[in-house]
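# Coordinate inspection notes
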Amino acid sequence: MKLVLLGAAGSGKGTLAKSIVKDFNIPQLSTGDLLREVAKSGSDLGKEVGQYQQKGVLVPDEVTFKVLKERLAKDDCKNGFILDGYPRTLNQAKLLETIVDIDAVISIELEFDEIVKRLVSRRNCPNCGEIDNTEHEGYTGNCRKCKTPLFQRDDDKPEAIKTRLEVYKQNITPLINFYGDKVFKISSANSPSETYKPVKLFLERLQNE
Ligand code: ADP
Ligand code: ZN
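Report follows, based on the coordinates. (Residues numbered from 1 in each chain as written. Chains lettered and ligands numbered in written order. Predicted model: local features only at pLDDT ≥ 70, side-chain atom pairs only at ≥ 80, totals over all residues. Heavy atoms only, no water.)

### A word on the site of ligand 1
Basically, it comes down to this: Nearness of a residue to a molecule or strand requires only that one of the residue's heavy atoms be within 4 Å of it. N or O atoms closer than or at 3.5 Å make up a polar contact, with two conditions inside protein: a donor-capable atom paired with an acceptor-capable one, and, for residues adjacent in sequence, both atoms drawn from side chains. Throughout, the Shrake-Rupley method with a 1.4 Å probe supplies accessible areas, and for residues the shown protein chains are the sole cover considered. Strands here mean DSSP runs of E at least two residues long; helices mean DSSP runs of H or I at least four residues long; both are numbered from the N terminus.
As a matter of local geometry, ligand 1 sits amid 21 residues, with Thr-31, Val-57, Arg-88, Gln-92 and Arg-164 nearest to it. In this structure, an oxygen atom belonging to ligand 1 sits 2.9 Å away from a side-chain N or O atom of Gln-53. Here Arg-164 contributes a side-chain N or O atom positioned 2.7 Å from an oxygen atom of ligand 1. For ligand 1, whose free accessible area comes to 550 Å², the fraction covered by protein is 97%. Broken down by secondary-structure element, the contributors of at least two residues to the shell around ligand 1 are α2 (31–40) and α3 (44–55). In terms of residues, the shell around ligand 1 owes the most to one element, α2, which gives four residues.

So this is what it looks like as structure tokens:
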């Protein structure tokens, strides 16, 4: 199954992707994560990528697409994958179409007010990638899985959040129109498991087609 996951920053995309990875045995390809790796490398390109990410604006297509293409060429993508954070623009969707055929697109929807609330209190584990929230019960500031102190992403600060949501808003309708019948829409206003239930049914049906 070759899947695309659409959804604004903080919509619950990453969390949903993890459930899909577990049940359907396909890798999650996050262009945000792949680009953060490039940024960490310290090369000139890395520095440039880091600046885009910090502001919350899109990294240029030629960089993003190259990184994604290299990742898609790896063996573990043979039986499918779930794209988390790509495509974000119509142009990116068209580029993607030149190298793979997407089977289905899951679009997560959530009110922007709620998204902002979730993002400002989001915290990440630098060691294992676990995501937590200062508002959640039992929050200690340390990772629930590996105990490492959590941190706040630079782009989870108010100004960058605003930019990221605006970029999303500008691009989502053309993307939804581009994928047409392939799109399955869900709301993530409820708990992660409530959000995942209909998606799981949808994917099971798709798998048996
Ligand atoms: P979020 O979805 O929470 O904004 P991501 O980790 O997916 O976070 O992305 C963080 C940043 O990485 C984006 O703001 C952007 O700078 C860059 N990025 C990720 N995916 C893409 C993409 N498909 N095209 C261009 N830039 C991207
Ligand atoms: Zn951890």
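Next, the rest of the story.
### Digging into the packing of helix α5 (residues 90–97) against helix α7 (residues 158–179)
Condition: Where helices are involved, their axes are fitted lines through C-alpha atoms of the stretch in contact, as for all axes, and angles between N-to-C directions lie from 0 to 180°. Two residues qualify as a contact provided that any one of their heavy atoms is within 4.5 Å of a heavy atom in the partner residue. Each residue is assigned to one of three groups, with Ala, Val, Leu, Ile, Met, Phe, Trp, Tyr, Cys and Pro labelled nonpolar, Asp, Glu, Lys and Arg labelled charged, and all others, Gly among them, labelled polar.
Following both chains from N to C, one finds α5 and α7 inclined at 35 degrees, their axes separated by 9 Å at the closest point. Contacts from Leu-90, Ala-93, Lys-94, Leu-96 and Glu-97 in α5 reach Pro-174, Leu-175, Phe-178 and Tyr-179 in α7. Grouping the amino acids of the contact of α5 with α7 by side-chain chemistry returns seven nonpolar, no polar and two charged.

### As for the sheet that holds strand β3 (residues 81–84)
Worth spelling out the cut-off: Two strands form a pair only when DSSP identifies at least two bridges running between them.
Taken together, the five strands give an open sheet; going across it, the order is β2-β3-β1-β4-β7, and neighbouring strands pair in parallel fashion. Edge positions in the open sheet fall to β2 (28–30) and β7 (183–187), since each of these has one partner strand only. Recorded for the sheet is a direction-independent mean angle of 20 degrees between the axes of neighbouring strands. Pairing of strand β1 (residues 2–6) with β3, which is carried by four bridges, proceeds in the parallel orientation. Across the sheet, the residue bridging to Val-4 is Leu-83, located in β3.

### A word on the packing of aromatic side chains
Going by this rule: Two rings from Phe, Tyr or Trp (for Trp, the six-membered ring) form a pair when their centres are within 6.5 Å of each other. A pair whose planes differ by under 30 degrees is stacked, one over 60 is edge-to-face, and the rest are tilted.
Summed over all chains, the structure comprises four aromatic pairs. On the numbers, 5.0 Å between centres and 80 degrees between planes, the contact of Phe-178 with Tyr-179 is edge-to-face. Between the aromatic rings of Phe-184 and Phe-202, the centroid separation amounts to 4.2 Å while the plane-to-plane angle is 10 degrees, which identifies the pairing as stacked. In this pair, Phe-184 sits in strand β7 while Phe-202 sits in helix α8 (residues 192–208), placing the two residues 18 residues apart along the sequence.

### As for the coordination of the zinc ion (ligand 2)
To be explicit about the condition: Counted as donors are N, O and S atoms no farther than 2.8 Å from the metal, or 3.2 Å for Na, K and Ca; water is not among the atoms, and sites may therefore look incomplete. Between 85 and 135 degrees for all angles marks four donors as tetrahedral; over 155 degrees for opposite donors together with 65 to 115 for all other angles marks four donors as square planar and six as octahedral; every other arrangement is irregular. Throughout, exposure labels follow a simple rule: accessible area from a 1.4 Å probe, protein chains only, divided by the maximum for the residue type, with under 20% read as buried, over 50% as exposed, and the rest as partly exposed.
Coordination of the zinc ion (ligand 2) by the protein involves Cys-125 (SG), Cys-128 (SG), Cys-143 (SG) and Cys-146 (SG), with metal-donor separations of 2.3 Å. Every donor counted, the four donor atoms about the zinc ion (ligand 2) form angles of 101 to 122 degrees at the centre, which fits tetrahedral coordination. Within one chain, the residues serving as donors to the zinc ion (ligand 2) are arranged as C-x2-C-x14-C-x2-C. With Cys-125 in the loop between β5 (122–124) and β6 (131–133) and Cys-146 in the loop between β6 and α7, this pair connects stretches of sequence that are 21 residues apart. Taking relative accessible area as the criterion, Cys-146 reaches 27% and is therefore assigned partly exposed.

By themselves, these observations are geometric and do not establish any function.
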